[in-house]
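# Descriptive structure summary
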Amino acid sequence: MLITVSGPAGSGKSTAAAALAEVLGYEHVSGGDIFRSVAAERDLTPLELNRLAEEDDAIDRDLDRRQREIARERDGLVLESRLAGWMAGDYADLRLWLDAPPAVRAARIAEREEKSIDLARRETEARAESEALRYREYYGIDIRDRSIYDLALNTARLDPDGVVGVIAAFVEVYDPEHDEGKAPIEGVRYQF
Ligand SMILES: Nc1ncnc2c1ncn2[C@@H]1O[C@H](COP(=O)(O)OP(=O)(O)O)[C@@H](O)[C@H]1O
Ligand SMILES: Nc1ccn([C@@H]2O[C@H](COP(=O)(O)OP(=O)(O)O)[C@@H](O)[C@H]2O)c(=O)n1
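About the criteria used
Here the residue numbers are simple positions, counted from 1 along each chain's written sequence. Note on labels: chains are lettered from A, ligands numbered from 1, in written order. Where totals are concerned, whole chains, interfaces and linings use all residues; where local detail is concerned, this predicted model gives features only for residues with pLDDT of at least 70, and gives and counts side-chain atom pairs only at 80 or more. Excluded from the side-chain calculations are hydrogens and water; all other atoms, namely the structure's heavy atoms, are used. UniProt positions are given in the numbering used here, feature names are shortened, and annotations may be inferred rather than shown by experiment. Within the patch definition used here, like charges are joined within 9 Å and nonpolar side chains (Val, Leu, Ile, Met, Phe, Trp, Tyr) within 5 Å, considering only residues with over 30% relative accessible area and no salt bridge. Where accessible areas are quoted, they stem from the Shrake-Rupley method and a 1.4 Å probe; at the residue level, only the protein chains shown are allowed to cover. Throughout this description, the term salt bridge denotes a Lys or Arg side-chain nitrogen within 4 Å of a carboxyl oxygen of Asp or Glu. Asp and Glu are treated as the negative residues and Lys and Arg as the positive ones, with His and the ends of the chain left uncounted. Every charge is mapped onto a representative atom, which is NZ of Lys, CZ of Arg, CG of Asp or CD of Glu. The helix and strand labels rest on DSSP assignments: H or I over at least four residues marks a helix, E over at least two residues marks a strand, and numbering proceeds from the N terminus. Residue exposure (1.4 Å probe, protein chains only): buried if accessible area is under 20% of the type maximum, exposed if over 50%, otherwise partly exposed. Any two residues whose heavy atoms approach within 4.5 Å are treated as being in contact. The definition of a polar contact used here is a pair of N or O atoms within 3.5 Å, where within protein one atom must be able to donate a hydrogen and the other to accept one, and adjacent residues in sequence count solely through side-chain atom pairs. Think of it this way: one heavy atom of a residue within 4 Å of a molecule or strand is enough to make that residue near it. Amino acids outside the nonpolar list (Ala, Val, Leu, Ile, Met, Phe, Trp, Tyr, Cys, Pro) and the charged list (Asp, Glu, Lys, Arg) are all regarded as polar, and Gly is one of them.

As recorded in an unreviewed UniProt entry, the chain goes by Cytidylate kinase and comes from Halomarina halobia. The record in UniProt for the chain states the following under Subcellular location (unreviewed entry): "Cytoplasm". Database annotation for the chain, UniProt heading Sequence similarities (unreviewed entry): "Belongs to the cytidylate kinase family. Type 2 subfamily."

This is the structure:
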């Protein structure tokens, strides 16, 4: 199976995707890891690559093309990134969305990146706004549209073990024989 895990920064995607892959014996491919390897290939820090992406659409398109290729070619995989669900599209068996209130996400990022909560919140909001505009312009994706997801979870309500417990249970009870169909993904331009 191919399972995608998406959500905003600080929602707990990486944590949950890594643990889910471990439970299922699947591989875990992280958009954040791809992003950091592209940065390293170009001799940039991830922050520098992020800034560059606002001016150079080739960066987003390269990242997203890689994700779509991985989704097309591979199986037994948890693919995790902001756009994993959109990029995998119908190649994904299950598409999951993790979220948490902005204040919770900011506090987590502040802790993870050793910065103030206020700075983390401002940076995360600015990045999210910039990303939302880019995804709409490049691909016609409305990142606020949650209709494509099979399960959405507020990770603020559970600890990491609780989150993985819920999503692993969902994957385990999923039975293709009783599947009445995926939510359609329409109007996306996969142009890289
Ligand atoms: N359910 C949770 N409850 C509390 N803290 C969490 C939870 N999930 C993740 N975290 C912590 O929050 C931070 C952000 O999680 P991470 O998985 O890096 O998010 P993302 O990949 O979505 O940016 C990490 O420091 C992680 O340890
Ligand atoms: N065009 C892009 C740019 C970034 N991304 C994702 O944005 C995230 C940036 O990495 P990150 O480790 O900072 O993740 P977050 O904490 O911002 O979620 C990754 O999940 C990337 O895959 C994407 O999916 N498509």
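So, about a negative patch on the surface. A cluster of acidic side chains, namely Asp175, Glu177, Asp179 and Glu180, defines a negative patch on the protein surface. Take Glu180: it is sitting in the segment after α8 (160–173). Residue classification places Glu180 among the exposed residues on the basis of a relative accessible area of 84%.

A separate point is the UniProt feature "binding site: ATP" (unreviewed entry) in the chain. Mapped onto the present numbering, the UniProt feature "binding site: ATP" (unreviewed entry) falls at Gly7, Pro8, Ala9, Gly10, Ser11, Gly12, Lys13, Ser14 and Thr15. Structurally, the position occupied by Ser11 is in the loop between β1 (2–6) and α1 (13–24). Apart from the residues within four sequence positions on either side, Ser11 is in contact with Leu98, Asp99, Arg105, Arg108 and Thr155. Position of Lys13 among the secondary structure elements: in helix α1. A relative accessible area of 9% means that Lys13 is categorised as buried. Setting aside residues no more than four positions away along its own chain, Lys13 makes contact with Val5, Ser6, Gly7, Pro8, Glu80, Ser81, Arg82 and Leu98. There is a polar contact of 3.1 Å between the side chain of Lys13 and the backbone oxygen of Gly7.

Topologically, Gln67 is positioned in helix α4 (residues 57–73). Classification of Gln67 by relative accessible area gives buried; the value is 5%. In this structure Gln67 touches Ile34, Leu79, Ser81, Leu83, Ala84 and Met87, once residues within four positions along its chain are discounted.

As a further point, take the site of ligand 1. Taken together, 15 residues surround ligand 1, and among them Gly10, Lys13, Ser14, Thr15 and Arg112 come closest. Backbone polar atom of Gly10 to an oxygen atom of ligand 1: 2.9 Å apart, as the coordinates give it. Between ligand 1 and the protein, one listed contact pairs a nitrogen atom with a backbone N or O atom of Pro160 at 3.5 Å. Alone, ligand 1 offers 560 Å² of accessible surface; in the complex the protein occludes 76% of this. When residues in the shell around ligand 1 are grouped by element, the largest group, three residues, is from α1. Taken together, the residues of the shell around ligand 1 sort by class into five nonpolar, six polar and four charged.

In this fold, Glu69 is placed in helix α4. Between the C-alpha atom of Glu69 and that of Gly140, which follows or precedes it by 71 residues, the distance is 19 Å.

Of note, Asp43 is a non-glycine position whose phi angle comes to about 60°, a positive value. Considering the arrangement of structural elements, one finds Asp43 in the loop between α2 (31–41) and α3 (46–53).

This part takes up the environment of Gly12. By the element assignment, Gly12 lies in the loop between β1 and α1. The class of Gly12 is partly exposed, set by a relative accessible area of 26%. A C-alpha to C-alpha distance of 21 Å links Gly12 and Ser130, two positions 118 residues apart in sequence. Residue contacts for Gly12: discarding those within four places in its chain leaves Leu98 and Arg108.

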